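Next come the chains, spelled out residue by residue.
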Amino acid sequence: MAKKTIDDIDVAGKRVLVRVDFNVPLDGDANITDDNRIRAALPTLWHLLEKGASLVLMSHLGRPKGTVSSGLSLGPVATELHGHLGTSVLLAPDCIGEETEELARDLKAGNVLLLENLRFHKGEEANDSAFARQLAQLGNGIYVNDAFGAAHRAHASTEGITHHCEHNVAGYLMSKELQYLQEALAEPAQPFVAILGGAKVSDKIEVIGNLLDKIDTLLIGGGMAYTFLKAQGHEIGKSLLEEESVPVAADLLQKAGSKLVLPTDCLVTQRIAAGAETRVVPVTDIPADWEGVDIGPQTRQRYTAAVSEAGTVVWNGPLGVFEIDDFAAGTIAVAQALEQATWESGVVSIIGGGDTAAAVAKAGAQKRMTHISTGGGASLECLGGRVLPGVEALD
């Protein structure tokens, strides 16, 4: 269902509440190590400011579980955002309360107020109505959700607040995410190839079930591949195994038939560490005391050929332990092949999940992908066919 966006409302002279996803990684000195999520929100914020609004921005950071944690303050985000916006960003001492309400009331057109971490209050994750009402009172009845990464949670700032605002619309980032993860998948350019990796089959069961009737090819990699190989009766040594998912994997193999493609060779090691000894072996010949950590060269060639010939590719989950350079060759090769196919052949490439985005960035392939999702869990649930509470609540 189509949702209204910021293009459908008049914001001139209004205090607009904007739910953003500024849940960015911080190092030990509270420096932001990746500002992608901040930069992704800028088109929405620039538009609202240009149209004469003042902004009250809301976000969570980390998992403080309803208690104040100085290490999870949004202070570093306010500083970073100031540099990007080119206008001052005031950090509120809290996300609710009299002082914050006064700061909001004093905003003039073009001013930006960033609320302190929403999850310092238990009412956020509990979707407490009274807490949601307090948030809503900081604006003039206009709520914009641009936090796709949090849209799969029915929290006070993503779902509850919409019951207390007159207008509830999507920002540009939210609209873009939905366009690719819902609309583009409804009528994908053919052939439609999905790549699923990561550790657990259980995390992807719903996605596989939802995609099977839509895709032409499903390429499996990462740790989850070994559970499928076990379901085929292969010995997998010390490779990652989700024992309880073996029957599920066997069922999916039967349902998918030739659509589901597994590695035929893999890189194995006795120790997951840089510089460890490695071997390339057929998946039917993994030594008992070794474990698989990447797809092998034969599989790499088959997977890169599949993405090069595709019309649409959806990728969620790396194909190996890409964080260690020695085990990253398979993931990097597929990422680079997909980037080339996107650039040269117009393949629609949709990257979902934080680890996958990080792997694509490591391969230097992020700039030419059609779309890289900012929401790991949200993108998975979209691919699984679920309705996201934060999206459903919009006008």
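Above this text you will find the structure in question.
Each chain has its residues counted from 1, running along the sequence as written. This being a predicted model, a pLDDT of at least 70 is required before a residue's local features are given, and a value of 80 or more before pairs of side-chain atoms are given or counted; all residues contribute to the totals for chains, interfaces and linings. To obtain the side-chain values, all non-hydrogen atoms of the structure were included, while hydrogens and water were left out.

### Here we look at the side chain of H47
Under the scheme used here, helices are H or I runs from DSSP no shorter than 4 residues and strands are E runs no shorter than 2 residues, and both carry numbers assigned from the N terminus. Following the sequence through the fold, H47 ends up in helix α1 (residues 36-50). Working rule for contacts: check all heavy atoms of both residues, and any pair within 4.5 Å makes them a contact. In this structure, H47 is in contact with I6, D7 and Y172, ignoring residues within four places of it in sequence.

### Description of the environment of P287
Within the secondary structure layout, P287 lies in the loop between β11 (278-282) and β12 (291-295). A sequence separation of 275 residues divides P287 from A12, and the C-alpha atoms of the two residues are 67 Å apart. Once residues lying within four places of it in the same chain are set aside, the contact partners of P287 are G237, V268, R279 and V281.

### Re a negative patch on the surface
Patch definition: residues above 30% relative accessible area lacking any salt bridge, with like charges linked at up to 9 Å and the nonpolar side chains Val, Leu, Ile, Met, Phe, Trp and Tyr linked at up to 5 Å. With residues, only the protein chains shown are counted as cover, and all accessible areas are computed by Shrake-Rupley using a 1.4 Å probe. The salt bridge definition used is simple: a Lys or Arg side-chain nitrogen within 4 Å of an Asp or Glu carboxyl oxygen. Counted charges follow a simple rule, with Lys and Arg positive, Asp and Glu negative, and His plus the chain ends left uncounted. Taken as the charge centre is NZ of Lys, CZ of Arg, CG of Asp or CD of Glu, depending on the residue. Where like charges cluster on the molecular surface, the negative patch consists of E98, E99, E102 and D106. With respect to the element layout, E99 can be found in helix α3 (residues 98-105). Exposure remark for E99: the relative accessible area of 55% places this residue in the exposed category. Exposure classes here rest on a 1.4 Å probe applied to the protein chains alone. A residue is buried below 20% of its type maximum, exposed above 50%, and partly exposed in between.

### Examining the pattern of salt bridges
Counted under the stated rule, the structure contains 8 salt bridges. One salt bridge connects D21 with R37, and the closest N-O pair in it is separated by 3.5 Å. Of this pair, D21 sits in the loop between β1 (15-19) and α1 while R37 sits in helix α1, and the two are 16 residues apart along the sequence. Judged by relative accessible area, R37 falls into the partly exposed class, the value being 26%. Put simply, E235 and K230 hold a salt bridge, and the shortest N to O gap is 3.7 Å. Take E235: its relative accessible area is 56%, and that puts it in the exposed class. Using a relative accessible area of 27% as the deciding quantity, one classes K230 as partly exposed.

### With respect to the sheet that holds β11
Pairing is antiparallel across the open sheet formed by 3 strands, whose spatial order is β11-β10-β12. Two strands bound the open sheet, and with one partner strand each, they are β11 and β12. Mean inter-strand twist for the sheet, computed between neighbouring axes without regard to direction, equals 40°. A pair of strands is labelled paired if DSSP reports no fewer than 2 bridges between them. Across 5 bridges, the pairing between strand β10 (residues 265-269) and β11 is antiparallel. The partner of V268 across the bridge, within β11, is R279. Seen against the sheet, helix α10 (residues 297-308) touches β10, β11 and β12 and runs at an angle of roughly 35° to β12. Here the axes come from fitting lines to C-alpha atoms, over the contacting stretch only for helices, and the angles between their N-to-C directions go from 0 to 180 degrees.

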